[in-house]
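Residue-level listing of the chains:
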Amino acid sequence: MSNAILTNVYNHYLMSYAPKSTSTGRYDTHKKSELRGIYDSIVKLNKESPWYLDTKSRDTQIFAIGLKEGARVLHNTIASIGGLEDTQSLDQKTAYSSDEDIVSAKFTGNIGSAAPSPTLSLTVNRLAASQENMGAYLTNEPIGLEPDTYSFDVAINDLNYEFQFNINEDDTNKDVQERLVRLINNANLGIRARLDEGDSRSSIRLTSASTGLAEGRQEIFRISDEHTSKTAGVVEYFGLNYVSRQPANASFVLNGEERTSSSNTFTVGKMFELELKSVSEPDTSVSIGLKTDVESLADNVNTLIGSYNSFVSAAASYRQSQHLSGRLANEMGRLALHYGDELEQMGLHIQSDNTISIDEERLSESASAADGSFSHEALKSFTNALLQKTSQVSLNPMSYVDRVMVAYKNPGRNFASPYITSAYSGMMFNGYC
């Protein structure tokens, strides 16, 4: 019994507070030595930092967390295009799809420029579908259940959860429906609940966050109250157990071979990450392969600059409430200006708001020219400078927060206190350190 309880608690915290995956999420895993380096940096930073009052403002907390998260995204974006390698920066190849409306492709492998480019032919027969339960449409009248404490059970991912709630004398159908929607959504079980309304009636719609079916399964989740601990009856009354859409696996033909997938996003041969978006027309297929080196380079530059601009714009958007937020945007702008001449030759123009615009025609010309107008060395130095800046912001986003200083520490006579970094130097949040 205790093991089952611990498993439920673990899964609840994992789903509620674990870092959410992104397109660059694989770069959030680190070696033990890398984590040790982050820890040592926090200790060193914390040891000589002045003492500040704790920040209580919700806006300030959101701002600091946003800076840290933005720095992480920019760092991971640079990593995804080859910016962490010692060789030429932004040399990661990129993939193409002949029909982005049917399937999009990302290259996730590691292939040399001299190696043959792999190509795929894909036909999408069916998309992976989530499970959907559609409840009964009820008018907003007094509820037809007696006032009591009710409960029902949800089985999902080999786990069982019990939901308990009260029905009061003056509750209407809609009151309880809204209560159940909040109850299910707040639990973060992998089921999204919402209230559908129309013609003076409302119904609870439940949709699984995941798609497809594991082998031997017929459903992703199941709702019942036959063996629940409190009063039963709400499942039948609200129609919570009616499956309006069965979950299904994606079906497609890859290079002439029929295949299935429980998700619309999957990898092929450790080379491509594919996302199925729509069903193919009869007797048609989508070609997937690698772009030329020049096209890949231009795509990587666009990805880098897009992420840089998003980070700068996000920092600058807090100017009204966070007076020091403009300092970070200006620092990023000065960092780009240091490489301004080389960036200009590539078609990258630094704007007055510290963002960078791209002349696509000039970028393509410089990437394919042999006159040295495209400087790999300058681009590598620029990305290295961005990586250093993201590390600084990630370790200490509070340096851009207007705080009240209490006292300086006694220089050279301090002890490390790494576990209170959120008080003045760094932060602990959302599973990130």
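Residues numbered from 1 in each chain as written. Predicted model: local features only at pLDDT ≥ 70, side-chain atom pairs only at ≥ 80, totals over all residues. Heavy atoms only, no water.

A. Molecular detail of a nonpolar patch on the surface. A surface patch of nonpolar side chains, about 370 Å² in accessible area, is lined by W51, L53, V404 and V406. Examined against the element boundaries, V406 turns out to sit in strand 20 (residues 405-407). (Patch = residues over 30% accessible without salt bridge, like charges linked within 9 Å, V, L, I, M, F, W, Y side chains within 5 Å. Areas by Shrake-Rupley, 256 points an atom, 1.4 Å probe, with all protein chains shown as cover. Salt bridge = Lys/Arg side-chain N within 4 Å of Asp/Glu carboxyl O. Helix = DSSP H or I, 4+ residues; strand = E, 2+ residues; numbered from the N terminus.)

B. Local environment of the sheet that holds strand 8 (residues 159-167). Pairing in this open sheet of three strands is antiparallel, and the strands run 8-7-11 from one edge to the other. The sheet is open, and its two borders are formed by strand 8 and strand 11 (221-224), each paired with just one other strand. Between one strand and the next, the sheet's axes are offset by a mean angle of 20 degrees, whatever the strand orientation. The sheet contact formed by strand 7 (residues 148-156) and strand 8 spans nine bridges and is antiparallel. Bridge assignment links D148 to a residue of strand 8, and that residue is I167. Of the strands in this sheet, strand 7 and strand 8 touch helix 4 (residues 173-187), which is tilted by about 145 degrees from strand 8. (Pairing = 2+ DSSP bridges. Axes fitted to C-alpha atoms, helices over the stretch in contact; angles between N-to-C directions. Contact = heavy atoms within 4.5 Å.)

C. Structural context of the pairing of strand 17 (residues 286-290). Counting buried residues in strand 17 gives four out of five residues, a clear majority hidden from the surface. Both strand 2 (residues 95-97) and strand 17 contribute to a ladder of three bridges, which runs antiparallel. Among the inter-strand pairings, Y96 is bridged to a residue of strand 17, identified as G289. Note: strand 4 (residues 120-126) against strand 17, three bridges, orientation antiparallel. Counted as the bridge partner of L120 is I288 from strand 17. (Buried < 20%, exposed > 50% of the residue type's maximum accessible area, 1.4 Å probe, protein only.)

D. Structural context of the sheet that holds strand 2. Pairing is antiparallel in the open sheet, where five strands are placed in the order 2-17-4-13-14. The open sheet has two free edges, formed respectively by strand 2 and strand 14 (257-261), since each of these has just one partner strand. When the angles between neighbouring strand axes are averaged without regard to direction, this sheet yields 30 degrees.

E. Structural detail: the packing of aromatic side chains. All chains considered together, the criterion is met by nine aromatic pairs. The interplanar angle of 15 degrees and the centroid separation of 5.3 Å between the aromatic rings of F152 and F163 together place this pair among those described as stacked. One end of the pair, F152, is in strand 7; the other, F163, is in strand 8, with 11 residues separating them in the sequence. Looking at F152, the relative accessible area reads 0%, which means it is buried. Residue F163 is classed as buried on the basis of its relative accessible area of 7%. Centroid distance F252 to F266: 4.8 Å. Interplanar angle 10 degrees. Geometry classified as stacked. Of the two residues, F252 sits in strand 13 (residues 250-254) while F266 sits in strand 15 (residues 265-268), which places them 14 residues apart along the sequence. Here the two residues F252 and F266 agree in accessibility, since each one is buried. One aromatic cluster is present, formed by Y150, F152, F163 and F165 through successive ring pairs. (Phe/Tyr/Trp six-rings, centres within 6.5 Å; stacked < 30°, edge-to-face > 60°.)

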